[in-house]
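# Understanding the architecture of this molecule
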Amino acid sequence: MAEAPNRRAVLGATAGAVLAGALAAPAGASAVPRDRVTIASPNGRLLVTVRVVDGRLCYQVARNGRNLVALSGLGLDLAGRPSLTGGLVLESARRRTIDETWRPVWGADAHVRNQARECVLRTVQPATGIRLDLIVRVFDDGIGFRYRLPAQAGLDTYTVTAERTEFSLQPTARSWSLAAGTDWNADERHYRQARLADVETAQTPLSLATQNDEYIVVHEAALIDYPSMTLAADADRPGTFTSELISLPDGAKAHLEGEFSTPWRALVIGGRPGDLAESHLIENLNEPCALTDTSWISPGTYVGVWWELQRRHTTWTEGPRHGATTERAKRYIDLAREAGARSVLAEGWNANAGGSWTGQDFLTPRDDFDLPEVLRYARANGVGFIAHNETRGFVDYYEQHLDTIFARYAELGIHAVKTGYATKFVLGGVNRSHFDQEAVRHYQRVVETAARHKIMINAHEAIKPTGLARTYPNMMTGEGVAGMEQHNYKGPLGNPPEQATILPFTRFMGGPADYTPGVLNVTWDPAGLGTRVQTTSAAQLALYSVFFSPLQMLADTPENYDAHPGFAYLRDIPASWDETRFLDCVIGDYTVAARRKGDTWYLGAITDEHDRTLRVPLRFLGRGPYTAEIYSDAADTSWHDNPLPIDVRTRTVRASTVLELRLVAGGGTAIRFRPAPH
């Protein structure tokens, strides 16, 4: 593993970028600015203006001549010092240009263009001598800015007590958000749609659509060594939000030392919902890959002992109904081989999993789980094993043994781990928020330790992604979403169908989610829980194009897949893509997305609680005829009363074809397009 990038670095420069004016700026670029500095996007349509108003740094954003972000204040509060929201003088502004194309280890697209104009604005507070830099990058699809406290006398160690970043947005805009929270499951709730002026707090990302149909996502990028950012509304200024950082147990926001650059505050901006979902801005604000060898990182689908546990058909704990037995694991390995899946998960495999979840060591298997035999059988079938490490919030224990655990996994040939932090987060002997500075540091230590041992991570109950997978591509996926399991825990209504049409433009903006789709027997209720998956079976297939994860689960059981014609669509389905298009989308109503691997396209269309008929042009296809394998709701399919029937048919199509897709409420259509033989 290469040395981790220094988050306290001066510029956080992008390796391989073309730097214009990084050393010798154009005339006047390093001179003292007059009263404002304007940075334009490469195409000139997006403008960010930074000013010092009454001693405070402020910014505003315009696109195509229309204001998207009105004048908004910036700054930090440090303990025992005057606020860095006043008394500042702008000394210089230095510009450079970034332009590169990089290839992700895995991703929604095989190549990513990173093109932006950057300006570093240096300010000083003459009364104290404290220096504060603002680094601004403007892309064609949005902006990012971060604070940097340069190395300076008197700031060897310091404490951030508040961040005063403002976002003055259109109060009449429609928004989609989660209320801000500090609990372990704060991100595992349903997104609400509301007029922005009616939103009091929000987790990030917060997404909105203005009255002029400009789409904006407020998020953060490169979250390391700093608390997660939420948003709090200003009661006196409707539509204006201030960053609210998750506090440490002592009430402080962050304890820092020396030179430090905060995470980026990011605004992804587009003229249609698809512009948001297709954007790579959050990734581009992160550093390039820090790993010298990524050959062991292997995206793909996985199966495992999980959904049967959620549905209480089997148990995590030992006994007559224990799920993770040697025999059962082998059955899932057989399923993985049949499905073309890369790996198998077995929750409840290790001693003392389930129940109180205490006394786990993550190395000792249950008596009825022969780990060497399971690993042998998996290797013989070309399948990997995902070890489940549900810490249940005993994080101190996990950290103390982390290197030992991962080293032993590497010896055994285990190269993937699903972590979990349900209910609490005891770190440093204190039960804290999952999202404060020390928690963020823990998640980073796990990823870096895993990389040293060539282990991929699927993190549950962790912070939302902020594009760090670009730097650490072994951070494959995570939760932070009301995923499939919430069809159990949210009551008889589960996840309303509209949620799936919102997620690509909210939660997925920071990175992949382990939503665990693919439950085809949506009414399966072996324990009589009185709950079910609130979609049709066809909609579950469509989610593989709508949702992205490089570790993508085929979540149903072998028996349910054996009995369902839709399983054929999931065989050998990719989990990393060469090209992604979000075609026709209305957030909260319906989503149509298409993804390409090689010369094969996969299209998914889903709808909310309303029947819809969509006309979908196939202009994304290449030349010549394609065979379309169409998996749709049947004529008698009904989300509430008859959700299982799937109609499977084929037809020949071309790029000039316009498909008419009939979607029943809660339903969907999944299509695989292969070039037709000549």
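Attention here is on the structure that accompanies the text. Here the structure is a predicted model, which means the values were calculated and not measured.

Cut-offs used in this document
Residues numbered from 1 in each chain as written. Predicted model: local features only at pLDDT ≥ 70, side-chain atom pairs only at ≥ 80, totals over all residues. Heavy atoms only, no water. Pairing = 2+ DSSP bridges. Helix = DSSP H or I, 4+ residues; strand = E, 2+ residues; numbered from the N terminus. Axes fitted to C-alpha atoms, helices over the stretch in contact; angles between N-to-C directions. Expected span 1.5 Å × (residues − 1). Buried < 20%, exposed > 50% of the residue type's maximum accessible area, 1.4 Å probe, protein only. Contact = heavy atoms within 4.5 Å. Polar contact = N/O pair within 3.5 Å; in protein donor to acceptor, adjacent residues only side chain to side chain.

## A word on the sheet that holds strand β5 (residues 76-78)
- Reading across the sheet, the three strands line up as β5-β10-β19 and stay open at both edges, with antiparallel pairing between neighbours. Single-partner strands in this sheet number two, and they are β5 and β19 (254-257). Going across the sheet, the axis of each strand differs from the next one's by a mean of 40 degrees, ignoring polarity.
- Relative to strand β10 (residues 157-163), β5 runs antiparallel, the two sharing three bridges. By the bridge assignment for β10, L76 is matched with E163.

## Observations concerning helix α7 (residues 437-452)
- Over its 16 residues, α7 extends 23 Å from the first C-alpha to the last, a length consistent with the 22 Å expected when each residue adds 1.5 Å.
- Looking only at α7, the buried set comprises Q437, A439, V440, H442, Y443, Q444, V446, V447, T449, A450 and A451.
- The secondary structure elements touched by the buried residues of α7 are β19, α6 (395-412), β26 (426-427), β28 (456-459) and β29 (475-478).
- With a side-chain oxygen lying 3.0 Å from the backbone nitrogen of E438, the N-terminal cap of α7 falls on D436.
- The positive-phi residue at the C-terminal boundary of α7 is K454, with phi of around 55 degrees.

## Here we look at the environment of A563
- Structurally, A563 can be placed in the loop between α11 (558-562) and α12 (567-570).
- Of the residues examined, A563 reaches a relative accessible area of 66% and is grouped as exposed.
- The spacing of A563 and Q534 is 29 residues in sequence and 20 Å in space, taken between C-alpha atoms.

## Things to note about unusual backbone geometry
- Note the cis peptide between T204 and P205, where omega equals 10 degrees.
- Topologically, P205 is positioned in the loop between β14 (201-203) and β15 (206-209).
- Phi is positive for K454, which is not a glycine, with a value near 55 degrees.
- The topology assignment puts K454 in the loop between α7 and β28.
- In this model, E461 sits at a positive phi of 55 degrees, which is unusual for a non-glycine residue.

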